[in-house]
Amino acid sequence: MKTNNKEGFFDQIKRYLLLFSFLIAYISYGQESFTLNGSITDSTNGETLFGASVFLEGTTIGAITNEYGFYSLTAPKGNYTLLISYMGYNSNKRELILDSNQKLDFELVEYSTELKEVVVTADEPEMAVLRKPEMSVSKMNIATVKQMPVVLGEVDILKSLQMLPGVTNNGEGSGGLHVRGGAQDQNLVLLDEAIIYNTSHLFGFFSVFNADAIKDMKLYKGGIPARFGGRVSSVLDVRQKDGNNKNFALTGGIGAISSRLAAEGPIFNDKGSFLVAGRTSYAHLFLMLAGEKNRASFYDLNLKTNYEINENNKLFLSGYFGRDVLKFGDVFDSSYGNSSGNLRWNHIFNERLFSNMSAIYGRYDYNIGFNSEDFEWLASIDNYNLKYDLKYYFNDSFKLDFGASAIYYEFDPGRLEPTSNESAINPLKLDMKKALESGLYVNAEHKLTDKLSAQYGLRFSLFNRMGGQALNDYENNLPVVYNSRLGIYEEGNVLGETNYEKGNSIETFHNWEPRASLAYQLNENSSVKAGFSRAAQYIHLLSNTTSVTPVDVWTPSGRYVKPQLSNQYALGYFRNFKDKKYSMEVEGYYKTVDNRIDYIDGSELIGQEAIETQILNGESRAYGLELLVRKNEGKLTGWLAYTLSKSEQRTLGGSAGGLGINAGEWYRTPYDRTHDISLAASYYLNEKWSFGGNLVFQTGRPVTYPNGQYTYEDISVASYAPRNSDRLPAYHRLDLSLNYKPNKKPDAAWKGEWVLGIYNVYNRKNAASISFGQNRETGANEATRTAIFGIVPSLTYNFKF
Amino acid sequence: MKNIKFVILLYSSLILTISCEDVIDVDVQNANTRLVVEASLDWEKGTTGNTQTIHLRTSTPFFESDSNTSVTGAIVNVTDMDSGTEFLFVDENNGSYTTNEFEPILGHTYELEIAYNGEIITAQETLNAVPDLNIIGQSREDGFNEDDLEVNMKIQDPAGEGNSYLFKFRKQGELLPYFEEFDDEFVNGNEVDWYFEIGEDEETEKKEAFQPGDTVEINFYAISPEYLSYLRILINQIGGVGIFDSIPVEVKGNCVNETNPENYAYGYFRVTQVVKASYSFE
């Protein structure tokens with residue numbers, strides 16, 4: 001993968017380009033046809049709709065709107081009936097005489113409340129879902145998310161995603177997602193295209209996504225489209241609302257722990273709209289209830305505005321700023337959070353060519369103040385990202401996405417700053433790390449026959465770890481060596497250091513990442529799909545703890561840390577039953593990841609200049625079977641998700657010597673869950689009342705328990721078993737919720753809603769961890785279970801004005 | 001410096017605030033029994049350091065507490081590798097092995113040799129000098145919790161890098177000691193302030209903060225960097241590990257089985273210089 005043969009590299013590019021030009025020549029055969037394009041929006045607030053469909057009735061010709069509500073379809077000259085539809089909205093029908101290129105915009109009217117419940121993951125006409133090669137994708141409408149019972153009364157899209165097959169978390173009190181046995185840092189989380197490095201507030205009790213500011217989200221568990229790169233496990237693409245461009249509107253909610261308020265409306269003489277959404281936990285209430293001097297709170301702010309220059313040019317500006325603030329008595333304080341901004345320019349070249357350019361900034365940082373000892377510890381990651389994406393709608397059976405992106409990173413792994421002259425601490429600054437990650441991609445959506453369609457693409461990624469710092473040189477080039485006498489891994493001997501000048505590269509890597517999937521429609525109600533994807537990941541989150549903590553830092557690939565590279569194979573069967581009232585998805589997957597690092601025993605990562613001395617390169621593999629059965633219509637809707645899976649890793653000693661971690665044997669990753677069952681249901685009684693319920697069962701998380709003890713220095717020392725060779729008890733719980741809408745008048749401006757939720761109804765004490773130690777009074781060893789949430793009732797009032 | 005890892009502990013404490021803890025029964029695996037070597041040759045500054053004891057025991061299943069683990073019948077020797085002097089430790093037939101002739105010399109390297117069950121176990125360690133420990137009094141506001149008493153100390157770290165230290169604190173009348181370790185990575189050559197406070201454990205009430213009238217015994221050791229690495233893991237794992245702690249591991253010491261390397265021993269052979277003090281809170 002190392003770029004050591006420049007000629008070979010360019011030859012490869014040429015070869016691929018040639019291949020694509022053949023393809024284009026093949027599909028651009030002549031026929032008199034015309035193109036229809038435009039946008040689809042919501043009639044009440046003007047929000048563009050992503051994934052709405054425009055079909056020519058009686059044909060298989062159709063198009064789906066992109067993230068900006070844009071569609072384009074090309075058909076032979078003729079008379080047609082257009083069918084415009086979107087899940088949760090009334091369909092539109094319209095006669096069309098296609099004898100020239102045309103631009104047509106549509107507005108769709110949302111269903112009356114009664115049918116609004118019918119919003120599960122399928123939001124495209126079922127025939128399209130069956131035919132489209134897209135697989136391993138979970139899309140959730142924010143309305144569905146808002147109906148699910150939640151803990152502490154705060155709607156949380158990450159917790160809702162965990163109800164889907166193949167998605168878990170690391171237990172209560174931990175943030176983030178684990179997708180198909182992958183680690184948290186293997187997910188690319190995007191909020192309006194900006195990278196979010198830490199998705200949780202207060203250690204996962206809340207997610208950073210304010211449901212009032214979010215329009216939609218899509219989770220790619222596999223089959224990641226070529227336009228995304230940089231993570232090996234999944235992509236979570238979350239998009240903020242654009243803001244109501246018809247009326248000024250206020251929405252908000254008042255809960256026991258936090259409250260939120262969002263304002264939106266038209267600006268720039270109706271040429272644009274804006275959205276400002278804020279959320280905060282009641283300062284410190286959270287912990288003061290327990291009479292603690294420690295305090296924790298969070299707040300966040302979402303901003304979005306857009307301006308339509310003319311019908312072919314539109315600008316968007318979006319921003320996010322979130323922060324957690326913690327205080328531990330008067331001695332320590334800590335804060336951390338993400339901030340991001342994105343300026344986008346949508347440009348429509350012509351009825352078939354759509355483009356978007358984005359300039360994005362993202363940052364995650366944390367600081368810890370040690371007030372009693374007068375110093376501060378700070379660390380951050382900054383990135384500047386420029387992207388250009390284009391989509392060309394060749395004809396009904398061929399669409400091409402292509403584009404380029406470049407991300408410049410600055411990693412500040414930590415610095416120690418005395419805050420007064422009296423501090424006994426010497427200032428310290430770890431070396432700043434810099435890198436440039438670029439990508440080029442092309443992806444085709446290709447309808448080969450009426451029954452067979454394909455999506456295939458290629459991403460080329462290039463990673464340049466930039467100079468401007470010195471790196472240690474080790475004896476025999478080994479940062480970690482095996483001490484065969486003591487049977488432990490130790491830091492290698494430093495011989496000296498190499499200084500890399502600014503402008504020089506420390507190391508460059510490149511990877512070709514092919515992505516392909518195929519769908520074959522067996523009959524009107526079922527189809528099979530198969531997919532393959534390869535992805536490279538160049539930056540890694542360093543975390544040797546059971547749960548990722550806010551103080552973990554990211555590190556780029558370079559001389560000692562190699563890029564992770566994954567291959568995933570998936571096969572699926574999709575079927576609709578009983579007039580599409582029910583649907584079923586079955587998918588199997590097998591995934592391998594090369595260069596997955598793990599940490600040597602006793603590794604120290606915080607404040608560590610030479611990360612390479614604490615890690616060993618390994619590999620991981622995961623495989624599983626996922627089943628999702630949904631009921632899409634009627635008063636009772638919901639789904640049952642079941643996942644049977646395995647996730648393991650192996651870390652050999654390699655050139656460092658020794659057998660490796662766990663004597664070189666495969667061991668479970670912390671995200672291994674044999675069984676994972678989720679049942680989500682909602683019942684619509686009438687206009688006033690509706691109910692929701694979740695039932696979750698999961699195999700316990702792999703953990704490490706002691707397998708012996710001995711007395712040493714007057715204490716009992718626990719000796720621990722091989723890594724992750726034990727498991728916590730199984731996790732299960734039931735949640736219920738009740739929604740009450742007191743307002744009967746549909747025309748009233750003020751619409752209120754009460755949400756009563758009960759989390760963990762039967763008060764199961766699910767272990768977040770079990771720790772082993774000696775009772776300080778009796779001296780006897782004991783196991784202590786920490787259970788975070790028992791039964792938690794909550795009441796929230798939501799309003800819209 | 002009470003290091004940054006401490007903050008992770010604090011993060012856990014926030015979670016604990018809203019969580020509930022209880023002691024439960026858990027089935028754990030049982031590993032094979034191993035020999036445990038507690039060979040702590042500690043030379044108290046200002047004494048001759050001639051009398052030293054080494055303890056040999058066996059490991060047991062994790063929840064077993066009442067079995068007799070003493071190992072008798074071993075032959076235990078320590079050799080000063082710089083002078084060649086050999087010290088024989090006499091079997092007291094209760095798991096203890098004692099000598100009254102040990103000669104500690106700063107900078108010298110010592111080797112432990114144990115012959116037991118037909119196998120030879122060895123370890124090496126170097127003796128380092130300990131700086132003076134000045135107890136400067138007590139306070140409430142300097143520690144982590146403003147309401148709780150702490151004892152304050154000062155240590156002058158010597159100029160050279162790589163000095164490593166261990167504190168062993170014991171509140172008089174309590175069964176178990178407390179350990180803290182540090183090295184001079186961030187404080188090399190500085191005068192280092194240290195405090196010791198017992199954080200009240202409100203929920204379980206197993207830990208009680210210092211009250212006026214309480215006495216704390218303080219042992220302050222200069223240790224080797226290798227022993228520090230060993231202790232870091234061991235001290236981190238005392239009392240159990242939570243979700244924001246490193247994944248726990250088997251702690252491996254420096255006692256190597258020369259005959260059968262797989263049958264390595266737990267514990268450590270350390271040679272240290274120590275200052276001992278005590279402080280009574282007013």
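In this text the structure is predicted, and so the values were computed from the model without any measurement.

1. Digging into the overall build of chain A
Working step 1: Helices and strands together make up the secondary structure of chain A, namely six helices and 54 strands.
Working step 2: A compact globule built from 801 residues would reach a C-alpha radius of gyration of about 28 Å, and chain A, at 27 Å, matches this within 12%.
Working step 3: Dimensions of chain A, computed from the C-alpha atoms along their principal axes, are close to 90 × 70 × 55 Å.
Working step 4: Counting the 801 residues in chain A, one finds 62% classified as buried.
Working step 5: Look at the contacts in chain A between residues 6 or more apart in sequence, and 65% of them connect residues 24 or more apart.
Working step 6: Of the accessible surface of chain A, which amounts to about 29700 Å², a share of 56% is contributed by carbon and sulfur atoms.

2. A word on the sheet that holds strand β17 (residues 234-240) of chain A
Residue and element names in this part refer to chain A.
Working step 1: Spatially, β9-β16-β17-β12-β13 is the arrangement adopted by the five strands of the open sheet, whose pairing is mixed. Of all the strands in the sheet, just β9 (137-141) and β13 (194-195) have a single pairing partner and so form its edges.
Working step 2: Across five bridges, the pairing between strand β12 (residues 187-191) and β17 is parallel. Residue pairing in the sheet places Leu188 in a bridge with Val235 of β17.

3. Looking at a nonpolar patch on the surface
Residue and element names in this part refer to chain A.
Working step 1: On the surface, Val276, Tyr299, Leu301, Leu303, Phe321 and Val325 cluster together into a nonpolar patch covering about 430 Å² of accessible area.
Working step 2: For the nonpolar patch, the secondary structure elements donating two or more residues are β21 (295-310) and β22 (313-328).
Working step 3: The element best represented in the nonpolar patch is β21, accounting for three residues.
Working step 4: Looking at the secondary structure, you find Val325 in strand β22.
Working step 5: What makes Val325 partly exposed here is its relative accessible area of 30%.

4. Some details on the domain arrangement of chain B
All names here are of chain B.
Working step 1: Domain parsing of chain B yields domain 1 (5-16 + 130-248 + 273-280) and domain 2 (35-128 + 249-272).
Working step 2: Look at where the C-alpha atoms of domain 1 and domain 2 centre, and you get two points 25 Å apart.
Working step 3: With 20 residues of domain 1 at the contact, the number on the domain 2 side is 16 residues.
Working step 4: A buried area of about 1600 Å², summed over both sides, lies between domain 1 and domain 2, and 55% of it is on carbon and sulfur atoms.
Working step 5: Its largest share of buried area at the contact with domain 2, domain 1 owes to Tyr227, Tyr230 and Gln273, together 41% of the area lost on that side.
Working step 6: Connecting domain 1 to domain 2 are one salt bridge.
Working step 7: We note a salt bridge from Lys45 to Asp132, for which the minimum N-O separation is 3.0 Å.
Working step 8: At the boundary of domain 1 with domain 2, the tally comes to nine residue pairs in polar contact (both at pLDDT 80 or more).
Working step 9: Breaking the side of domain 1 that touches domain 2 down by element, the ones donating at least two residues are β14 (215-223), α2 (225-237) and β16 (266-280).
Working step 10: Sorting elements by how many residues they give to the side of domain 1 that touches domain 2 places α2 first, with six residues.

5. Some remarks on the nonpolar core
Proteins that are soluble and globular tend to have nonpolar side chains buried together.
Working step 1: Residues Phe209 and Tyr409 of chain A together with Phe167 of chain B are the most contacted members of the largest nonpolar core, which totals 115 residues.
Working step 2: Residues contacting Phe167 of chain B, with those up to four places away along its chain left out, are Leu133, Met153, Ile155, Tyr178, Phe179, Glu180, Phe182, Trp194, Ile218, Asn219 and Phe220 of chain B.

6. Notes on unusual backbone geometry
Residues and elements named next belong to chain A.
Working step 1: Phi at Asn476 takes a positive value of approximately 55°, unusual for a residue other than glycine.
Working step 2: With respect to the element layout, Asn476 can be found in the loop between β30 (469-474) and β31 (480-483).
Working step 3: For Asn476, a relative accessible area of 62% puts it in the exposed group.
Working step 4: With a phi close to 55°, Glu713 is a non-glycine residue in the positive phi region.
Working step 5: Note that Glu713 resides in the loop between β47 (706-712) and β48 (715-720).

7. Overview of the domain arrangement of chain A
All names here are of chain A.
Working step 1: Per the domain assignment, the segments of chain A are domain 1 (31-111) and domain 2 (137-800).
Working step 2: For domain 1 versus domain 2, the distance between C-alpha centres works out to 34 Å.
Working step 3: The partner domain 2 presents 32 residues to the 24 residues of domain 1 that form the contact.
Working step 4: For the pair domain 1 and domain 2, the summed buried area comes to about 2400 Å², and 45% of that belongs to carbon and sulfur atoms.
Working step 5: Among the residues of domain 1 in contact with domain 2, Glu47, Phe50 and Tyr68 are the three that bury the most area, contributing 28% of the side total.
Working step 6: Between domain 1 and domain 2 we count four salt bridges in total.

8. Focus on the side chain of Arg323 of chain A
Residue and element names in this part refer to chain A.
Working step 1: Tracing the backbone shows Arg323 in strand β22.
Working step 2: Since its relative accessible area comes to 11%, Arg323 is described here as buried.
Working step 3: Within the structure, Arg323 has its side chain in polar contact with the side chain of Ser335 (distance 3.2 Å).
Working step 4: At 3.0 Å, the side chain of Arg323 and the side chain of Asp365 are in polar contact.
Working step 5: Ignoring sequence-local partners within four residues, the contact set of Arg323 consists of His201, Ser297, Phe298, Tyr299, Ser335, Tyr336, Gly337, Asp365 and Asn367.

9. What about the pattern of salt bridges?
All names here are of chain A.
Working step 1: As enumerated under the stated definition, the model contains 56 salt bridges over all chains in all.
Working step 2: Between Arg363 and Asp365 there is a salt bridge whose closest N-O contact spans 3.6 Å.
Working step 3: Overall, the relative accessible area of 25% leaves Arg363 in the partly exposed class.
Working step 4: Salt bridges sharing common partners tie together Glu47, Asp192, Glu193, Lys215, Asp242, Lys304, Arg344, Lys387 and Asp389.

10. Looking at the sheet that holds strand β1 (residues 20-24) of chain B
In sheet architecture, strand pairing relies on hydrogen bonds along the backbone and comes in two forms, parallel and antiparallel.
Working step 1: Spatial ordering of the open sheet is given by β52(A)-β53(A)-β1(B), a layout of three strands whose pairing is antiparallel. The open sheet terminates on both sides in strands that have one partner only, identified here as β52 (767-774) of chain A together with β1 of chain B. The average undirected angle you get between the axes of adjacent strands in this sheet is 30°.

11. As for the pairing of strand β37 (residues 553-556) of chain A
Residue and element names in this part refer to chain A.
Working step 1: Judged by which residues are buried, β37 turns out to be covered on both faces: Val553 and Thr555 on one side and Trp554 and Pro556 on the other are all buried.
Working step 2: Sheet analysis places strand β36 (residues 539-542) next to β37, joined by four bridges and oriented antiparallel. Within β37, the position partnered with Ile539 by the bridge is Pro556.

12. Considering α2 of chain B
All names here are of chain B.
Working step 1: Compared with the 18 Å implied by 1.5 Å per residue over 13 residues, the 19 Å span of α2 between its first and last C-alpha is a close match.
Working step 2: Buried residues of α2: Tyr227, Leu228, Tyr230, Leu231, Arg232, Ile233, Leu234, Ile235 and Gln237, and no others.
Working step 3: Residue Gly239 follows α2 closely and has a positive phi angle near 80°.

13. Remarks on the environment of Asn356 of chain A
Residue and element names in this part refer to chain A.
Working step 1: When you line up the elements, Asn356 lands in strand β24 (residues 353-370).
Working step 2: Placed 42 residues apart in sequence, Asn356 and Lys314 show a C-alpha to C-alpha distance of 9.4 Å.
Working step 3: Those residues within four positions of Asn356 in sequence are excluded, and the remaining contacts are Tyr68, Glu193, Arg344, Trp345, Asn346, Lys387, Tyr388 and Asp389.

14. Focus: the interface of chain A and chain B
Working step 1: Counting residues at the interface gives 87 residues for chain A and 94 residues for chain B.
Working step 2: For the chain A and chain B pair, buried surface summed over both sides reaches about 8000 Å², with 61% attributable to carbon and sulfur atoms.
Working step 3: Considering only the surface of chain A that becomes buried against chain B, Tyr712, Glu713 and Arg776 of chain A emerge as the three largest contributors, covering 11% of it.
Working step 4: Put simply, chain A and chain B have eight salt bridges between them.
Working step 5: Glu713 of chain A serves as the salt-bridge partner of Arg270 of chain B, at 3.1 Å between the closest nitrogen and oxygen.
Working step 6: Our count for the chain A to chain B interface comes out at 26 residue pairs in polar contact (both at pLDDT 80 or more).
Working step 7: Relative to β1 of chain B, strand β53 (residues 781-787) of chain A runs antiparallel, the two being bridged by five bridges. By the bridge assignment, Ala787 of chain A is partnered in β1 of chain B with Cys20 of chain B.

Calculation notes
Residues numbered from 1 in each chain as written. Chains lettered and ligands numbered in written order. Predicted model: local features only at pLDDT ≥ 70, side-chain atom pairs only at ≥ 80, totals over all residues. Heavy atoms only, no water. Helix = DSSP H or I, 4+ residues; strand = E, 2+ residues; numbered from the N terminus. Rg over C-alpha atoms; globule rule 2.2 N^0.38 Å. Buried < 20%, exposed > 50% of the residue type's maximum accessible area, 1.4 Å probe, protein only. Contact = heavy atoms within 4.5 Å. Areas by Shrake-Rupley, 256 points an atom, 1.4 Å probe, with all protein chains shown as cover. Pairing = 2+ DSSP bridges. Patch = residues over 30% accessible without salt bridge, like charges linked within 9 Å, V, L, I, M, F, W, Y side chains within 5 Å. Salt bridge = Lys/Arg side-chain N within 4 Å of Asp/Glu carboxyl O. Domains from an automatic or database assignment. Buried area = accessible area lost by both parts, 1.4 Å probe. Polar contact = N/O pair within 3.5 Å; in protein donor to acceptor, adjacent residues only side chain to side chain. Core = buried A, V, L, I, M, F, W, Y, C linked by side-chain atoms within 4.5 Å. Axes fitted to C-alpha atoms, helices over the stretch in contact; angles between N-to-C directions. Expected span 1.5 Å × (residues − 1).

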